[in-house]
Amino acid sequence: MASTTSAISSPTPAAKAAPAPLPKPIIFATSGLGGMIGWAIVHPFNTIAVRMNLASMQGKHFSVANAIKDNGVMSLYDGLAAGIWRQVFYASSRFGLFETCRDKLHEIRGKTDFAGRVIVGAGTGAAAAFISCPMEVATVRMSNDATLPVSERRNYSGVLDVVKRVIKEEGVSTLWRGSIPFAQRAALVGVFQVATLDQFKGMYAHYLNQKKNSIPNVFCSAMTSGLIYSIATMPLEASKNRMASQKADKVTGKLPYTSTLQTMRTVAGKDGFLALYDGFLPYYLRCGGHTVAMFIAVQLMRDFYTNTN
């Protein structure tokens, strides 16, 4: 009896406290830094994807070997600075806003389901695209400039030069040229990358017995969501690239591409629908690679912060 009483009265071990939520500045900072690290790794794939896609617009065949032969390996890093600056605005706002809005929605609804992630992912993705569109225009133009005929090159010296010359020569609104397909693409990315990543983490943790948010869990989830959103967004990426890099006709002064649907219809009608997928492999390597590198970097930084505080 004594032993029974002793067993009943003995204190039970305290349940492990849930980790405190990360401060908002840490969420935004790690999102931006993760995006920058990921982009530094995959930028050459982006350059190749942009050049292949725009080469088809000019009726040309793009060869990576010839590009390296003509301009050197480092030409694949053309526009890297603009790409990094893009991540400062795009990644930090996209993922920072997603997590902030997702958590706020959870407070209001008392749950976080797939539908909620989709809505939040689409909205925050589109918002981040408009915020970072000037850097996207700079990235596309600097990445592709070396492939243009000498007489058509803009010969930008850097990101600030792009911004200054665009404002002076083409008007401020040109910095947001292609912002509609960019926002549409970003909304789909928000759905297929951010929202599905959360979902795949849970699925792989359940079916593959992975620890959620572990490196293998993040890798498998990121590669899967990266493939899905690459397939879904490539036509919008192609439209954005063409609209961001286009020049007005010298005679009429009109731009060849005026909207997302008009661009897609024009390209599909002239070259076939699959022309919108020119450069898909490097685009997927960019998307999948950036998704993997970014989320792993973000996870490592957040783990480091949690373990040291």
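Scroll up to find the structure.
Residues numbered from 1 in each chain as written. Predicted model: local features only at pLDDT ≥ 70, side-chain atom pairs only at ≥ 80, totals over all residues. Heavy atoms only, no water.

**Concerning the packing of aromatic side chains**
Right, on to step 1. Applying the stated rule across the entire model yields 6 aromatic pairs.
Right, on to step 2. Ring centres of Tyr90 and Phe182 lie 5.6 Å apart, and the angle between their planes is 35°; on these two criteria the pair is classed as tilted. Taken as a pair, Tyr90 in helix H4 (residues 80–109) and Phe182 in helix H7 (residues 179–207) lie far apart in primary sequence, 92 residues in all. Of the two residues examined, Tyr90 and Phe182, each falls in the buried class.
Right, on to step 3. Members of the aromatic cluster, each reached through a chain of ring pairs, are Phe273, Tyr277 and Phe280.
Right, on to step 4. The ring of Trp39 carries the charged tip of Arg86 above its face, separated from the ring centre by 5.3 Å.
Right, on to step 5. One cation-aromatic arrangement involves Lys240 over Phe182; the distance from NZ or CZ to the ring centre is 5.9 Å. (Phe/Tyr/Trp six-rings, centres within 6.5 Å; stacked < 30°, edge-to-face > 60°. Helix = DSSP H or I, 4+ residues; strand = E, 2+ residues; numbered from the N terminus. Buried < 20%, exposed > 50% of the residue type's maximum accessible area, 1.4 Å probe, protein only. Lys NZ or Arg CZ within 6 Å of the ring centre and 35° of its normal.)

**Some points on the side chain of Arg242**
Right, on to step 1. Topologically, Arg242 is positioned in helix H8 (residues 215–245).
Right, on to step 2. No salt bridge is formed by the buried Arg242, whose closest oppositely charged neighbour, Asp271, lies at an N-O distance of 4.7 Å.
Right, on to step 3. Separated by 3.3 Å, the side chains of Arg242 and Tyr257 make a polar contact.
Right, on to step 4. Excluding its chain neighbours within four sequence positions, the residues that come into contact with Arg242 are Asn53, Leu54, Ser56, Met57, Tyr257, Thr263, Val267 and Ala275. (Lys, Arg positive; Asp, Glu negative; His and termini not counted. Salt bridge = Lys/Arg side-chain N within 4 Å of Asp/Glu carboxyl O. Polar contact = N/O pair within 3.5 Å; in protein donor to acceptor, adjacent residues only side chain to side chain. Contact = heavy atoms within 4.5 Å.)

**Some words on the pattern of salt bridges**
In a structure, side chains of opposite charge can pair up when their charged atoms sit close to one another.
Right, on to step 1. Going through the model one piece at a time under the given rule, you end up with 15 salt bridges.
Right, on to step 2. We note a salt bridge from Arg177 to Glu170, for which the minimum N-O separation is 3.6 Å.
Right, on to step 3. For Glu237, the salt bridge identified is with Arg185, shortest N-O distance 2.9 Å. With Glu237 in helix H8 and Arg185 in helix H7, the pair connects residues that are 52 residues apart, well separated along the chain. Of the two residues, Glu237 and Arg185, neither departs from the other in class, the shared state being buried.
Right, on to step 4. Taken together, the shared-partner salt bridges in this structure form one network comprising Arg86, Glu136, Arg185, Glu237, Lys240 and Arg286.

None of this, on its own, says anything about what the molecule does.
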